[in-house]
Amino acid sequence: MRCTISLAAQPLYASPNVAVLIASFYFFYFALIGVHVIFVPKILSMVGYVPSDIGLILASAPLVRFAIPFLFLKGFQLDQKTFFSALALMTLGAIGFYPALDFFWPLLLVNILFGIGIALILPFIEVIALEHIGKERYGKIRLFGSFGFIAIALILVKYLSTPHIGIVFLIAMASMTLFFGAWIGQKEHHSRHHDCNALEDECGFSIRNHIPLWIGFFMMQVSFGPFYNFFTIYATDHGVSLDTTVWLWSFGVIAEIIMFYYQGKLLKNNLHALLWITAAVTSLRWILVALFPSSLFVLFASQSLHAFSFALFHTAAISVLFSLYKARRLAQQFFFGISYGLGGFIGAIGAGFVYQYAPSTLFIAGSIAAAGATIAFVLNNRVNHPHV
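Treat the numbers as computed from the prediction; the structure is a model and nothing was measured.

Trainee: Is there a simple way to explain the overall build of the chain in this structure?
Mentor: Helices and strands together make up the secondary structure of the chain, namely 15 helices and zero strands. Residues counted as buried form 58% of the 388 residues belonging to the chain. Sequence-distant contacts, at least 24 apart, represent 86% of the contacts inside the chain between residues at least 6 apart.

Trainee: Looking at this structure, I do not really get the nonpolar core. What am I missing?
Mentor: For soluble globular proteins, the rule of thumb is that nonpolar side chains tend to be buried together. Grouped together as the largest cluster of nonpolar side chains are 127 residues, with contacts concentrated most on Tyr-26 and Phe-217. Among the elements that take part in this core, helix α2 (residues 16-47) stands out by supplying 19 residues, more than any other. Setting aside residues no more than four positions away along its own chain, Tyr-26 makes contact with Leu-122, Ile-125, Glu-126, Ala-129, Tyr-138, Ile-141, Arg-142, Phe-144 and Gly-145.

Trainee: I'm lost on empty space enclosed by the protein in this one. Help?
Mentor: The rolling of a water-molecule-sized probe over the atoms marks out the regions of remaining empty space. Taken as a whole and assessed by the stated rule, the structure comprises one cavity of 30 Å³ or more. Considered as a void within the structure, the largest cavity measures approximately 580 Å³ in volume. Ile-33, Val-37, Arg-65, Tyr-228 and Tyr-340 are the residues nearest the centre of the largest cavity, which is lined by 33 residues in total. Secondary structure elements with two or more residues in the lining of the largest cavity: α2, α3 (51-71), α5 (104-133), α6 (135-159), α9 (225-237), α10 (242-262), α13 (306-324) and α14 (328-357). Residue contributions to the lining of the largest cavity peak at six residues, all from α2. The residue makeup of the lining of the largest cavity, split by class, is 19 nonpolar, 10 polar and four charged.

Trainee: Quick question: what am I supposed to make of helix α8 (residues 211-223) here?
Mentor: Count 3.6 residues to each turn of an α-helix, and residues three or four apart come out pointing the same way. With 13 residues, α8 extends 18 Å between its outermost C-alpha atoms, agreeing within 8% with the 18 Å of an ideal straight helix rising 1.5 Å per residue. Residues of α8 that are buried include every one of Leu-213, Trp-214, Gly-216, Phe-217, Phe-218, Met-220, Gln-221, Val-222 and Ser-223, and no others.

Trainee: Just to check I follow, could you spell out the side chain of Ser-339 for this structure?
Mentor: Here Ser-339 lies in helix α14. A relative accessible area of 1% places Ser-339 in the buried class. Apart from the residues within four sequence positions on either side, Ser-339 is in contact with Phe-217, Phe-218, Gln-221, Phe-334 and Gly-344.

Trainee: Please clarify how the packing of aromatic side chains should be interpreted in this entry.
Mentor: The description of two aromatic rings rests on the distance between their centres and on the angle between their planes. Per the counting criterion, the structure on display carries 45 aromatic pairs. Taking 6.1 Å as the distance between ring centres and 85 degrees as the angle between the ring planes, the aromatic pair formed by Phe-97 and Phe-114 counts as edge-to-face. Remark: Phe-114 occurs in helix α5 and Phe-97 occurs in helix α4 (residues 80-100); sequence separation between them is 17 residues. There is no split in this pair, since Phe-97 and Phe-114 are both buried. Both rings, one in Phe-104 and one in Trp-105, keep their centres 5.0 Å apart while their planes meet at 90 degrees; by these two values the pair is edge-to-face. A connected cluster of aromatic rings, assembled from ring pairs, spans Phe-149, Phe-224, Phe-227, Tyr-228, Phe-230, Phe-231, Tyr-234, Trp-249, Trp-286, Tyr-355 and Phe-363. One Lys or Arg, Arg-142, reaches over the ring of Phe-30 and ends 3.7 Å from the middle of that ring. Across the ring face of Phe-227, the terminal group of Arg-285 is positioned such that the distance to the ring centre comes to 4.6 Å.

Trainee: Help me out: how do you make sense of the packing of α9 against α14 in this one?
Mentor: Helix packing geometry: the angle between the two helix axes and the distance between the axes. Two numbers describe how α9 lies on α14: the axes approach to 7 Å, and their chain directions differ by 30 degrees. Between α9 and α14, the angle falls in the class roughly parallel. For the pair α9 and α14, contact is made by Gly-225, Pro-226, Asn-229, Phe-230, Ile-233, Tyr-234 and Asp-237 and by Gly-347, Ala-348, Ala-351, Gly-352 and Tyr-355, respectively.

Trainee: What should I look at first to understand a nonpolar patch on the surface in this one?
Mentor: Side chains of Phe-251, Ile-254, Ile-258, Tyr-261 and Tyr-262 sit close together on the surface and give an oily, nonpolar patch of about 510 Å² of accessible area. With respect to the secondary-structure elements, Tyr-262 resides in helix α10. You can call Tyr-262 exposed: its relative accessible area is 61%.

Trainee: Would you mind going over the confidence of the model for the chain with me for this structure?
Mentor: Reading fine detail from the predicted coordinates is not recommended where pLDDT is low. Confidence in the prediction for the chain averages 86 pLDDT; 89% of positions are at 70 or higher. Across the chain, helix α12 (residues 296-304) holds the top mean pLDDT of 97, while helix α1 (residues 11-14) sits lowest at 41. Taken as a whole, residues 1-14 scores under 50 in pLDDT and shows 32 contacts with residues more than four places along the chain or in a different chain.

Trainee: In this structure, what is going on with the packing of α3 against α9? I would like to understand it.
Mentor: It is the contact of α3 with α9, at a shortest axis distance of 11 Å, that shows an interaxial angle of 150 degrees. The angle between α3 and α9 places the two elements in the roughly antiparallel class. With respect to the hand of their crossing, α3 and α9 are arranged in right-handed fashion. Side by side, α3 and α9 meet where Pro-51, Ile-54, Gly-55 and Leu-58 of the first sit next to Asn-229, Phe-230 and Ile-233 of the second.

Trainee: Which parts of the structure should I look at to understand α6?
Mentor: Counted at 1.5 Å a residue, the expected span for α6 with its 25 residues is 36 Å, and the 37 Å between its end C-alpha atoms agrees. At Ile-141, α6 shows its largest kink, close to 25 degrees.

Trainee: What exactly am I supposed to notice about the environment of Pro-226 here?
Mentor: The residue Pro-226 is located in helix α9 in this model. Among the residues examined, Pro-226 registers a relative accessible area of 4% and is labelled buried. Put simply, Pro-226 and Ile-349 are 123 residues apart on the chain and 9.5 Å apart in space, counted from C-alpha to C-alpha. Every residue in contact with Pro-226, bar those within four places of it in the chain, is listed here: Phe-231, Gly-347, Ala-351, Leu-362, Phe-363 and Gly-366.

Trainee: Could you clarify how one ought to interpret the environment of Pro-163 in this entry?
Mentor: Structurally, Pro-163 can be placed in helix α7 (residues 163-189). Looking at Pro-163, the relative accessible area reads 17%, which means it is buried. With 124 residues separating them in the primary sequence, Pro-163 and Phe-39 have C-alpha atoms 9.2 Å apart. When neighbours within four sequence positions are excluded, Pro-163 is seen to be in contact with Ile-43, Met-46, Val-47 and Leu-101.

Criteria and cut-off values
- Position labels on residues start from 1 in each chain and follow its written sequence.
- Reporting of local features is limited, given that this is a predicted model, to residues whose pLDDT is at least 70; pairs of side-chain atoms are given and counted only at 80 or more, and all residues count toward the totals for whole chains, interfaces and linings.
- To get the side-chain values, take all heavy atoms of the structure and skip hydrogens and water.
- To qualify as a helix, a DSSP run of H or I must reach at least 4 residues; to qualify as a strand, a run of E must reach at least 2; elements of each kind are numbered from the N terminus.
- With a 1.4 Å probe rolled over the protein chains alone, any residue whose accessible area is under 20% of its type maximum counts as buried; one over 50% counts as exposed, and the rest are partly exposed.
- What makes two residues a contact is simply this: any of their non-hydrogen atoms within 4.5 Å.
- We define a nonpolar core as any set of buried Ala, Val, Leu, Ile, Met, Phe, Trp, Tyr and Cys residues linked to one another through side-chain atoms lying within 4.5 Å.
- Only protein atoms enter the 1 Å grid, on which a cavity is a set of points fitting a 1.4 Å probe that cannot get out and a pocket is an open set with protein on both sides within 12 Å along at least 5 of 7 lines, lining residues being those with an atom within 4 Å of a point.
- Grid points are joined across faces, edges and corners, and a volume is the space filled by probe spheres set on the points.
- Residue polarity is assigned by list, with Asp, Glu, Lys and Arg as charged and Ala, Val, Leu, Ile, Met, Phe, Trp, Tyr, Cys and Pro as nonpolar; anything else, Gly included, falls into the polar class.
- Take the residue count of a helix, subtract one, and multiply by 1.5 Å to get its expected span.
- Ring pairs shown here join Phe, Tyr and Trp side chains whose ring centres sit within 6.5 Å, with only the six-membered ring taken for Trp; geometry is labelled stacked below 30 degrees between planes, edge-to-face above 60, and tilted in between.
- When the NZ atom of lysine or the CZ atom of arginine is within 6 Å of a ring's centre and also within 35 degrees of its normal, the charge is said to sit over that ring.
- Whenever a helix is involved, its axis is fitted only over the stretch in contact; in every case the axis is a line through C-alpha atoms, and angles between N-to-C directions fall within 0 to 180 degrees.
- Angular relationships are summarised with four words: roughly parallel below 35 degrees, roughly antiparallel beyond 145, roughly perpendicular across 65 to 115, and oblique for the angles in between.
- Patch construction takes residues with relative accessible area above 30% that form no salt bridge. Like charges are linked within 9 Å, and nonpolar side chains (Val, Leu, Ile, Met, Phe, Trp, Tyr) are linked within 5 Å.
- Note that accessible areas follow from Shrake-Rupley with a 1.4 Å probe, and for residues the cover is restricted to the protein chains shown.
- By salt bridge we mean one thing: a side-chain nitrogen of Lys or Arg within 4 Å of a carboxyl oxygen of Asp or Glu.
- The score called pLDDT rates the predictor's confidence residue by residue, from a low of 0 to a high of 100.
- Left-handed is the label given to a crossing in which the near helix is rotated counterclockwise from the far helix by less than a right angle, and right-handed is the label when the rotation is clockwise.
- Fitting axes to the seven residues ending at a residue and to the seven starting there, one defines the bend at that residue as the angle between these axes.

Right under this line is the structure:
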């Protein structure tokens, strides 16, 4: 059977209304991620969990993200049915946080269900966005996710008087993500889009051909373990108020919004070089947080680098994979699985134990991991662009 890929925009996705739907999905999806990343660690700390327990709970979702893509090498497909199932699991997982909050093992289970859902949802949407919006315009749609992230941070900090209030916000954002995701998925059901089957020769998928690239993706997300899982706790432990900490998160997102909007011209250059440059900037960022944990000026300066370590890196990474592989949804799944999945798992587990037993070295460890990513991307760049 011949593998076919449609690179031209279908009439369905050329419609401004669908661009609005994708932007709305990004808004609520990343608002949901904002609740999970910024507030759930603090919520678990408020309930009474120790850092190692928090690390284990939060590491379960990334571990699932890593495992799931391998199923698709055995014939599974990320089609509309799988996408709708993922939306349902994500929502059920979010709802399950409420009754399970005080119990370690039930909470671990619902976080795994939540992780399965979010592991499958974003790759489905990202391919639609890249194919029909393009990498140059992608940032201007994706920035609505950043607006969602910052909006939920500024709103929830005013109402987080009890742990369960935060979980109500988690459920609400999951419900809105379900709504817009299902709307897009229903439209996709009627489109003529087809993705390559990774088992076919023409669309074969292999990590072995680009090992330094994938090591870099993994190490980059390991470096984010201290930030995504413990930055709120770390900052407040060093005398920064929760309100100010939320503004630090928000400032980083503002920086990423600006980068998403203006990054189009940068993406016309060597994408492989952008990967090692943004990884090097990230290593510097974590060193600043480690050395000056109580300095608001330095912390805000480090957050401004989120424009490079997240926004520019993310778009460069998914654009590189979009150009390297014909099995595009599978490539995106492995990107999220190996980076945010395995890298997030190791980062969360490691950060939990480091912060419990050697808290002063938390972000130094993150900087070392980002430096490892830089080296891997430099090696990858030399392979792909030997004269650059």
